[in-house]
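# An overview of the molecular structure
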2 protein chains.
Amino acid sequence: MSVPQTNLAWATLLDVHPPERGRRRLHDRLAHALRAAIREGRLVEGAAVPPSRTLAEELGCSRWVVTEAYAQLKAEGYLSARTGSATRVSWTPDTAPPLPRARPAPPRPPIRYDLAPGLPDLRAFPRRRWAEAVRTVTGSAVHYDLGLPDPSGHAVLRTTLAQYLRRSRSADAAAASVAVCAGITDGLARLCRTLRAEGIADVAVEDPGWPRLRDAARSAGLRVHPVPVDHDGLRVDDLAQIPARAVVVGAAHQFPTGTVLSPARRARLVRWARDVDGFLIEDDYDAEFRYDRPPIAVMQGMDPSRVFLLGSVSKTLSPALGLGWLVAPAAMSSALRAANPVAAAPPVLDQLALAAFIDRGWYDAHLRAARRRFRARRDLLVRTLGAQVPEGRVAGTAAGLHILLHLPDGTDTRAAVRAGAASGLRLADLDDYRVKRSAGNALVLGYGNISDTEISAAVTLLREALRPPR
Amino acid sequence: MSVPQTNLAWATLLDVHPPERGRRRLHDRLAHALRAAIREGRLVEGAAVPPSRTLAEELGCSRWVVTEAYAQLKAEGYLSARTGSATRVSWTPDTAPPLPRARPAPPRPPIRYDLAPGLPDLRAFPRRRWAEAVRTVTGSAVHYDLGLPDPSGHAVLRTTLAQYLRRSRSADAAAASVAVCAGITDGLARLCRTLRAEGIADVAVEDPGWPRLRDAARSAGLRVHPVPVDHDGLRVDDLAQIPARAVVVGAAHQFPTGTVLSPARRARLVRWARDVDGFLIEDDYDAEFRYDRPPIAVMQGMDPSRVFLLGSVSKTLSPALGLGWLVAPAAMSSALRAANPVAAAPPVLDQLALAAFIDRGWYDAHLRAARRRFRARRDLLVRTLGAQVPEGRVAGTAAGLHILLHLPDGTDTRAAVRAGAASGLRLADLDDYRVKRSAGNALVLGYGNISDTEISAAVTLLREALRPPR
């Protein structure tokens, strides 16, 4: 019996073996080659493959190699054989026109200087100590720690975080009320799903504010109501106009305006939550950084039964770590689990590493050094702006990782962002953080992810970007 | 002027300093003590605090310490002062009865032996090599890698995974079609949200099947339709009775029945997807472990425009790592991003560590060793069951990390699970994986997370648990 007539060169089937398959055994390589020929339409449905003895002679291999490869492809549905008949191809690739392919994004000019907000000092990430913390816990974890993780987080980290939040943020937190999550956005999505399950379908957010918070609330199925922010922070009295019984508030350092919620409004806000039988969601995203006084204590301590507290290491260590926390009222903890049946905690070894990093005092030491560095860098940026962009007015408390730069009426900040991008400078328009865009006249300048030595050049580019085109 | 009459012992305010606050400065400790007194109702709203000079004398500290502490508490809203008047407490703790506290779960007897499915061999986790991979990438990552992560995953890992899936699972995968996720459940939740956004509101799942897959689909807002499984896998023809245009299928090794989808059904299933213009979702959760032949190639390669592929390291390394992947049709990748606006990729250093772990050949070496170990352990378990539980019948392909133990009609498997738990043996009833529970007569026995030396004792406990109570 001779090899059937097809367009396939049977004798060369094994000639193609990409380097990545170099270690595979012969029958596996033959199965791969035949599978590819069938998938690509070179061997069409109904065509007979050679009897195993014939193909083995063609290839110069043992007959076993061929029967193994055929058996594999029969199990996978590419070949089939009836008793007494030849083995035939039983598969046809899709002949329909392929679905449209997604277009690649257009290339962007490279960023040389980053004056947009949102990132800490990535160059100062404590690589050696973090790797040491991971190494230690990877060796010392009990093997149960490597099993299915507790969706609320590992007990060791929850205990450490509760202690840290009591000590450093004056929170009213216990291990049982802390849930570990992937960051503030993840924590907010979880708690919004919980609010929805509890019958709260509307949430108020600060306007301007961090857009991902709105995305998280919407993705959890809540309606989002913007509330204005002024120089005293969230306009608490405006909440009366809104059907929401929950509000997300950056009390210690509002993003992006940089205001601190005033003492009187703090008291009114907690009273509002009691009056409407609702909840405050405290976005404590960068409160570790205050340069003129100790950080303001969290509002969560004022009423732990009404305030959710959200925090993370994204602004202190790195957003790439994906580690945050959510302190919930004790009465809400079972609802929080029930509303998030498939939410996973961050990887356990990372959780244990963060616990070790905090317990060894490395986190506090990192924060102390970062505070000194950012305070000096903020001063440098403000001085440089004063000299090079004298028409601008800096606003925002001496805190956090960004300032607001108010510009004269008529300044086209959107054009400035575009001009900056074209020259390698990343900028952010205040308007991009508003629910309703207005004629912009301020930039949000972040000084986390820029080195001191780059500030002068970056501000020079900023000054160029602010020049109206001729 | 004397200290006002309250029930507070002013002179001892600084005596209480828990060890965790030992390093704090004096004004910070004083603010903490006053804040606690106000929160706990020992200093009531309206009460005047002593003039700073008076309190400083009482405490034997400088007046600056007191004014700083007062200023802090004013900023936080606990104290307020009008010009020319005393500084007073401006805050009242919630006097409403506290919301009900969640009850703690009742304690469970400790697990000595784990014969439930779902876990790999946690004792064999390659701790040293994993820590080495993390250490290497933590040192070598560029600092941009520590910024905001790509929600679809780091390009390095996506490239490595695409290559691994082509090589090891015969998948049709490219870096652009791979998304990194936290595991199969997370990947399924993401793609179900995508299907819903594309107008697909119904999904079929295997019955029996892994309950968290159903939870994930439901949490994404899809209706879930169970389809029976028999000895050839999913009953593909039953899909015609169901409004679903998508189906989750464990083609290589169905959980929990251990069947392999038959060749004829593979072909029919892909044709079904084309006929209904729908999608297959391939749950490739443990296909790396096949003991009688090479692993069956993924169905995704049969029609990459219609099949989503889900996999993870949860059954090969550890579920605590939280690392998985989702291969999506090219036409769906932008829809996948759009439908998951706040989904975060796993921590970047873990992603880079997995890429290094695979690229160095450590993953393949780990899998080879694990295959040898699990093949021998499966044989040992089957032999031990044959000797000690002769009335049982073992089913399931020689693959994966679990077997099915059919028991005679009338066996109360639910009682056996309870009896096992009471004696420290974790068992799982097949019925727990069914959408509609029936009178159970099979157990799902996992041999991933039990050592060879424990199997004899565990099966003895199993035999005891199967004895009807007298």
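Residues numbered from 1 in each chain as written. Chains lettered and ligands numbered in written order. Predicted model: local features only at pLDDT ≥ 70, side-chain atom pairs only at ≥ 80, totals over all residues. Heavy atoms only, no water.

### As for the sheet that holds strand S12 (residues 393-395) of chain B
Residue and element names in this part refer to chain B. To keep it simple, the criterion reads: Pairing between two strands is assigned when DSSP locates at least 2 bridges connecting them. For the purposes of this entry, the term helix denotes a DSSP run of H or I that reaches at least four residues, the term strand denotes a run of E that reaches at least two, and both are numbered from the N terminus. In this description, a line fitted to the C-alpha atoms serves as the axis of each element, helices being fitted only across the stretch in contact, and the angle between N-to-C directions of two axes falls anywhere from 0 to 180 degrees. Residue contacts are defined here by distance: any two heavy atoms, one from each residue, within 4.5 Å place the two residues in contact.
Taking strand neighbours across the sheet as the criterion, the three strands line up as S12-S13-S15 in an open arrangement whose pairing is antiparallel. Every other strand in the sheet has two partners, leaving S12 and strand S15 (442-446) as the edge strands with one partner each. Across this sheet, the average inter-strand angle for adjacent strands is 30°, counted without regard to direction. In terms of strand pairing, S12 meets strand S13 (residues 402-406) through three bridges, oriented antiparallel. Across the sheet, residue Val394 finds its bridge partner in S13, namely Leu405. Helix H11 (residues 362-388) rests against S12, S13 and S15 of the sheet, and its axis sits at about 15° to S13.

### Concerning the interface of chain A and chain B
It is common to give the size of an interface as the accessible area lost on bringing the parts into contact. Under the convention used in this document: Defined here as a combined quantity, buried area equals the accessible surface (1.4 Å probe) lost by two parts on assembly, summed across both. Salt bridges are counted wherever a side-chain nitrogen of Lys or Arg sits within 4 Å of a carboxyl oxygen of Asp or Glu. In protein, a polar contact requires one atom able to donate a hydrogen and another able to accept it; more generally it is a pair of N or O atoms within 3.5 Å, and residues adjacent in sequence count only if both atoms are side-chain atoms.
Each partner contributes residues to the interface: chain A has 91 residues there, and chain B has 91 residues. Between chain A and chain B the total buried area reaches about 7,700 Å² when both faces are included, carbon and sulfur atoms providing 56% of it. A per-residue breakdown of the area chain A buries against chain B is headed by Trp91(A), Arg127(A) and Leu146(A), which together make up 9% of the total. The tally of links from chain A across to chain B stands at two salt bridges. Residues Arg271(B) and Glu45(A) are paired through a salt bridge, measuring 3.3 Å at the closest nitrogen-oxygen approach. The interface formed by chain A and chain B contains 29 residue pairs in polar contact (both at pLDDT 80 or more). Taken together, the elements giving at least two residues each to the side of chain A that touches chain B come down to helix H1 (26-39), helix H3 (63-75), helix H4 (127-140), helix H5 (155-169), helix H7 (211-219), helix H8 (263-275), helix H9 (333-338) and helix H10 (348-359) of chain A. Counting residues per element, the side of chain A that touches chain B draws most heavily on H4(A), which supplies eight residues.

### Overview of the domain arrangement of chain A
Residue and element names in this part refer to chain A. Put simply, the rule is: An automatic or database domain assignment supplies the start and end points of every domain.
Assigned domains within chain A: domain 1 (9-89), domain 2 (113-118 + 365-466) and domain 3 (124-360). Taking only C-alpha atoms, the centre of domain 2 and the centre of domain 3 are 26 Å apart. The junction of domain 2 with domain 3 conceals about 2,400 Å² of combined surface from both sides, 65% of it contributed by carbon and sulfur atoms. Taken as a group, His366, Tyr433 and Val435 account for 24% of the area that domain 2 buries against domain 3, more than any other trio of residues on that side. Here domain 2 and domain 3 share zero salt bridges between them. Counting across the interface, domain 2 meets domain 3 through twelve residue pairs in polar contact (both at pLDDT 80 or more). Looking at the side of domain 2 that touches domain 3, the element that brings in the most residues is helix H11 (residues 362-388), giving nine residues.

### Quick notes on the sheet that holds strand S15 (residues 442-446) of chain A
All names here are of chain A. Ordered by their spatial adjacency, three strands build an open sheet running S12-S13-S15, and the pairing between neighbours is antiparallel. Pairing within the sheet leaves two strands with one partner each, and these edge strands are strand S12 (393-395) and S15. In this sheet, neighbouring strand axes are inclined to one another by 30° on average, regardless of whether the strands run parallel or antiparallel. As paired strands, strand S13 (residues 402-406) and S15 are joined by five bridges and run antiparallel to one another. By the bridge assignment, His402 is partnered in S15 with Gly446. Along the sheet, H11 contacts S12, S13 and S15; its crossing angle with S13, the most-contacted strand, is approximately 15°.

### Observations regarding the environment of Tyr433(A)
Residues and elements named next belong to chain A. Operational definition: Type-normalised accessible area, obtained with a 1.4 Å probe on protein chains alone, sets the label of each residue: buried when under 20%, exposed when over 50%, and partly exposed for intermediate values.
Note on placement: Tyr433 falls in the loop between strand S14 (425-426) and S15. Its relative accessible area of 9% is what places Tyr433 among the buried residues. A C-alpha to C-alpha distance of 7.5 Å links Tyr433 and Asp207, two positions 226 residues apart in sequence. With sequence-adjacent residues up to four places away left out, Tyr433 is seen in contact with Pro117, Asp207, Pro208, Gly209, Trp210, Pro211, Arg214, Phe255, Pro256, Ala428 and Val444.

### A closer look at the relation of the copies chain A and chain B
To keep it simple, the criterion reads: Least-squares superposition of the copies uses the C-alpha atoms of those residues scoring a pLDDT of at least 70 in each of them.
Between chain A and chain B, the superposition needs a rotation of 180° and an axial shift of 0.0 Å, giving an RMSD of 0.1 Å. The superposition operator between the copies reduces to a two-fold rotation axis. Same-surface contact between copies: 99% of interface residues of chain A are shared with the interface of chain B.

### Here's the deal with the packing of helix H2 (residues 52-59) of chain B against helix H3 (residues 63-75) of chain B
Residue and element names in this part refer to chain B. For the record, the criterion: Angles below 35 degrees are treated as roughly parallel, those above 145 as roughly antiparallel, those between 65 and 115 as roughly perpendicular, and all remaining angles as oblique. Crossing handedness follows the turn of the near helix against the far one: under a right angle anticlockwise gives a left-handed crossing, and clockwise gives a right-handed one.
Here H2 crosses H3 at 120°, and the two axes come no closer than 8 Å. With respect to H3, the element H2 is oriented oblique. Regarding H2 and H3, the two cross each other, and that crossing is right-handed. Where H2 approaches H3, its residues Ser52, Arg53, Leu55 and Ala56 are matched on the opposing element by Arg63, Val66, Thr67 and Tyr70.

### Regarding the packing of helix H1 (residues 26-39) of chain B against H3(B)
Residues and elements named next belong to chain B. To keep it simple, the criterion reads: For this scheme, ten residues count as nonpolar: Ala, Val, Leu, Ile, Met, Phe, Trp, Tyr, Cys and Pro. Four count as charged, namely Asp, Glu, Lys and Arg, and the remainder, Gly too, count as polar.
It is the contact of H1 with H3, at a shortest axis distance of 8 Å, that shows an interaxial angle of 50°. Between H1 and H3, the angle is such that the two are oblique. Classified by chirality, the crossing of H3 by H1 is right-handed. Counted together, Leu26, His27, Leu30, Ala31, Leu34 and Arg35 of H1 and Trp64, Val65, Val66, Glu68, Ala69, Tyr70, Gln72 and Leu73 of H3 form the full contact between these two elements. Among the residues forming the contact of H1 with H3, the class breakdown is ten nonpolar, two polar and two charged.

### Regarding unusual backbone geometry
Here the bond from Asp207(A) into Pro208(A) is cis, since omega is 5°, no more than 30 degrees from zero. Looking at the element boundaries, Pro208(A) is found in the loop between strand S5 (202-207) and H7. Following Phe255(B), the chain continues to Pro256(B) via a peptide bond in cis, the omega torsion being 0°. With respect to the helices and strands, Pro256(B) occurs in the loop between strand S8 (246-249) and helix H8 (263-275).

### Section: the packing of aromatic side chains
Where we set the bar: Stacked, tilted and edge-to-face pairs are distinguished by plane angle, under 30 degrees for stacked and over 60 for edge-to-face with tilted covering the rest, among Phe, Tyr and Trp rings (Trp via its six-membered ring) whose centres lie within 6.5 Å. In our convention, an over-ring charge means Lys NZ or Arg CZ found within 6 Å of a ring centre and within 35 degrees of that ring's normal.
Considering all chains together, one arrives at 26 aromatic pairs over all chains under this definition. Note on Tyr164(A) and Trp325(A): the rings are 6.5 Å apart at their centroids and 75° apart in plane angle, and the pair reads as edge-to-face. Here the residue Tyr164(A) occupies a position in helix H5, and Trp325(A) occupies one in strand S11 (residues 324-327), the gap between them amounting to 161 residues. Since its relative accessible area comes to 3%, Trp325(A) is described here as buried. Grouping aromatic residues by their ring pairs yields a cluster made of Phe125(A), Trp130(A), Tyr164(A), Trp325(A), Phe357(A), Trp362(A) and Tyr363(A). Lying across the ring of Trp210(A), Lys315(A) places its NZ or CZ 5.6 Å from the centre. Arg373(B) extends its terminal NZ or CZ atom over the ring of Phe374(B), reaching a point 5.9 Å from the ring centre.

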